[in-house]
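Topology and contacts: notes
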Amino acid sequence: MRVNFLPILAGLASMASAQLQLGCPDALRYGTLAFSPTTVDPGATFTIVANMTCANYLGYTPTYLDYYIEDTANNNGHELPTLIARRTYNQSADPPIDTFTAVLPSGFWFVGAEYQLYMYNSYARTAPAGDTVIIVGAVAGSINITGY
Ligand SMILES: *[C@@H]1O[C@H](CO)[C@@H](O)[C@H](O)[C@H]1NC(C)=O
Ligand SMILES: *[C@@H]1O[C@H](CO)[C@@H](O)[C@H](O)[C@H]1NC(C)=O
Ligand SMILES: *[C@@H]1O[C@H](CO)[C@@H](O)[C@H](O)[C@H]1NC(C)=O
């Protein structure tokens, strides 16, 4: 008796794909960002973990990942985004995680400001005339800056 495994394998693959798809809503297309601790003094370190599982799955594999701290509330007009790290994404990373330790610089921090750590995912697309261009999307999380 000959058993044909191909339909079984195809069935399993589509189940796995459907499961991942369920876990990868569009909102996760630029990746997910976590960091710890979320309250940091200038000079202190914090660990950033960016998970590109869904970004890769949904077709937004980064070329670069840039991390900035931005003042999104009570901005007095002088508070511009501050670069924390600029990284070339390893597209072979398995698992597809960008993790590293960052140091919070003694930057232009202001009492009463509300800061967010932004991750910019710069990813490649083929433009209508055929050029490859890099476009960007971002996700963010709240960070408290204290002790300055
Ligand atoms: C920031 O600090 C406030 C006041 O201590 C706290 O309620 C809030 O949870 C902190 N946020 C983060 C992201 O750690
Ligand atoms: C990354 O995200 C995927 C999909 O949500 C999840 O299954 C995996 O556990 C995450 N990995 C880490 C290290 O958080
Ligand atoms: C990228 O990830 C692959 C797979 O983990 C690893 O073998 C390779 O050394 C990494 N490349 C860089 C530049 O870190």
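Residues numbered from 1 in each chain as written. Chains lettered and ligands numbered in written order. Predicted model: local features only at pLDDT ≥ 70, side-chain atom pairs only at ≥ 80, totals over all residues.

When pLDDT is averaged across the protein chain, the result is 89; 85% of the residues are at 70 or more. The model gives residues 1-15 a pLDDT under 50, and that stretch makes 0 contacts with residues more than four places away or in other chains. (pLDDT = per-residue confidence, 0-100. Contact = placed C-beta atoms within 7 Å.)

Turning our eyes to something else, we now look at the site of ligand 1. In the neighbourhood of ligand 1, the contacting residues comprise Thr 38, Thr 39, Ser 142 and Asn 144. Split by residue class, the shell around ligand 1 holds no nonpolar, 4 polar and no charged. (Near = placed C-beta within 6 Å. Nonpolar A, V, L, I, M, F, W, Y, C, P; charged D, E, K, R; others polar.)

A few words on the site of ligand 3. Taken together, the neighbourhood of ligand 3 is formed by Asn 90, Ser 92, Ala 93 and Asp 94. When its residues are assigned to classes, the shell around ligand 3 shows 1 nonpolar, 2 polar and 1 charged.

Ordered by their spatial adjacency, 3 strands build an open sheet running β1-β3-β6, and the pairing between neighbours is antiparallel. Both outer strands of the open sheet, β1 (32-36) and β6 (97-103), are each paired with one neighbouring strand and no more. For this sheet the average axis-to-axis angle between neighbouring strands, irrespective of direction, equals 20°. Where strand β3 (residues 45-51) and β6 come together, 7 bridges link them in antiparallel fashion. Looking at β6, one finds that Ile 48 is bridged to Phe 100. (Pairing = 2+ DSSP bridges. Helix = DSSP H or I, 4+ residues; strand = E, 2+ residues; numbered from the N terminus. Axes fitted to C-alpha atoms, helices over the stretch in contact; angles between N-to-C directions.)

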